[in-house]
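Now for the letters of each chain:
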Amino acid sequence: MIFKNILTYEECDDFIKYFESKNNYEDVQVRGSNIIHNSEKAMDLCFKLRPMLESKLTYKLQPNQGWIRKYVKGNVLHKHWDGRADVAFSIMLGQSDKQENPLLIYYKDIPTKILLEKGEGYFFEGGTIEHERPPIKSDYLYGLYLGYRKVEKETSLL
């Protein structure tokens, strides 16, 4: 599910400035990239977006991860399932140019190319659907990952 304008350009730029001002560190999942796991700013957004996401779902969400990653040219996010989150929200914060740097989502083992513009996000079941990023073509790309656990909706006893 693609969400347009989930963040404004200014909000994206604020996330990038935040990332650059904090102690980001080398990511073990994407060799050569840098990351901040579960930053306060990313987790705040994870909670803030929850009601909007839940309004489109048949279940509730429990926020549990919020990462900001800076990819550089050639970085690869290998095909995987998310281990600690049932659903994922991948948000494009910005990149150095207009080259295509897709997120590939494998529905029934067939890759679906997801192209996001700055401020757009893609919501999917990352815990059960494989996904990856082929080698990054741009000099850099900033992405925001929000991970949620599924929680059953409460039902009324009346």
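None of the values given here were measured: they were computed from a predicted structure. Numbers given for residues are sequential positions, taken from 1 along each chain in its written order. Residues qualify for local features only when their pLDDT is at least 70, as the model is predicted, and side-chain atom pairs are given and counted only at 80 or more; totals for whole chains, interfaces and linings, by contrast, use all residues. Water and hydrogen atoms were dropped before computing side-chain values, which therefore reflect all heavy atoms in the structure.

Here a cavity denotes grid points, spaced 1 Å and computed from the protein atoms alone, that fit a 1.4 Å probe unable to get out, and a pocket denotes an open set having protein on both sides within 12 Å along at least 5 of 7 lines; residues with an atom within 4 Å of a point are the lining. Grid points are joined across faces, edges and corners, and a volume is the space filled by probe spheres set on the points. Of the voids in this model, the largest pocket is the one considered here, and its volume is about 390 Å³. Under the scheme used here, helices are H or I runs from DSSP no shorter than 4 residues and strands are E runs no shorter than 2 residues, and both carry numbers assigned from the N terminus. Elements supplying a minimum of two residues to the lining of the largest pocket: strand 3 (34–37), strand 4 (60–72), strand 5 (77–80), strand 6 (87–95), strand 10 (131–133) and strand 11 (140–151). The element contributing the most residues to the lining of the largest pocket is strand 4, with 4 residues. Ten residues, namely Ala, Val, Leu, Ile, Met, Phe, Trp, Tyr, Cys and Pro, are considered nonpolar, four, namely Asp, Glu, Lys and Arg, are considered charged, and the remaining ones, Gly among them, are considered polar. A breakdown of the residues in the lining of the largest pocket according to their chemical character gives 12 nonpolar, 8 polar and 5 charged. For the second largest pocket, the calculated volume is near 270 Å³. Surrounding the second largest pocket, 13 residues form its lining, Gln 95, Asp 97, Lys 98, Leu 116 and Glu 117 being those nearest its centre. Of the residues belonging to the lining of the second largest pocket, the class tally is 4 nonpolar, 4 polar and 5 charged.

Another aspect to go through is helix 1 (residues 9–21). If you check helix 1, its first and last C-alpha atoms are 18 Å apart, about what 13 residues at 1.5 Å a residue would give, namely 18 Å. Whether a residue is buried, partly exposed or exposed follows from its accessible area with a 1.4 Å probe, protein chains only, as a fraction of its type maximum: under 20%, in between, or over 50%, in that order. For helix 1, the full list of buried residues reads Cys 12, Phe 15, Ile 16, Tyr 18 and Phe 19. Mapping the buried residues of helix 1 onto a view down its axis gives an arc of 160°, with all of them on the same face. Within helix 1, the exposed residues directed more than 90 degrees away from the buried face are Glu 10, Lys 17 and Ser 21. Packing partners of the buried residues in helix 1 comprise strand 3, helix 2 (40–54), strand 4, strand 6 and strand 11. The length a helix should cover is 1.5 Å for every residue beyond the first. The reported arc concerns the directions from the helix axis to the C-beta atoms and nothing else. Note on contacts: a residue pair is in contact if any heavy atoms of the two residues lie within 4.5 Å.

A few words now on the pairing of strand 8 (residues 110–114). A pair of strands counts as paired when DSSP detects no fewer than two bridges linking them. Two elements, strand 7 (residues 103–107) and strand 8, share 5 bridges in a ladder whose sense is antiparallel. From the neighbouring strand, Leu 103 faces strand 8, where its bridge partner is Ile 114.

Turning our eyes to something else, we now look at the pairing of strand 11. Pairing of strand 4 with strand 11, which is carried by 12 bridges, proceeds in the antiparallel orientation. Each bridged residue has a counterpart across the sheet, and for Arg 69 the counterpart in strand 11 is Gly 143.

It is worth spelling out the nonpolar core at this point. We call a set of buried residues a nonpolar core when its members are Ala, Val, Leu, Ile, Met, Phe, Trp, Tyr or Cys and they connect through side-chain atoms within 4.5 Å of each other. Core analysis: the biggest nonpolar cluster contains 27 residues, and Phe 89, Ile 91, Leu 93, Leu 144 and Tyr 148 have the highest contact counts within it. Counting residues per element, the ones that place at least two in this core are helix 1, helix 2, strand 4, strand 6 and strand 11. In this structure Ile 91 touches Ile 6, Leu 7, Leu 45, Leu 49, Glu 120, Gly 121, Tyr 142, Gly 143, Leu 144 and Leu 146, once residues within four positions along its chain are discounted. Core analysis: the second largest hydrophobic core is formed by 18 residues, Leu 77, Met 92, Phe 124 and Ile 136 among them.

Here the focus is helix 2. The first and last C-alpha atoms of helix 2 sit 21 Å apart over 15 residues, in line with the 21 Å expected at 1.5 Å per residue. Bend is the name given here to the angle between axes fitted to two runs of seven residues, the run ending at a residue and the run starting at it. If you look at helix 2, its biggest bend is around 30°, right at Lys 48, and the proline Pro 51 turns up within four residues after that. Within helix 2, burial applies to Ala 42, Met 43, Leu 45, Cys 46, Leu 49, Leu 53 and Glu 54. Buried positions along helix 2 lie against strand 1 (2–3), helix 1, strand 4, strand 6, strand 9 (121–124) and strand 11.

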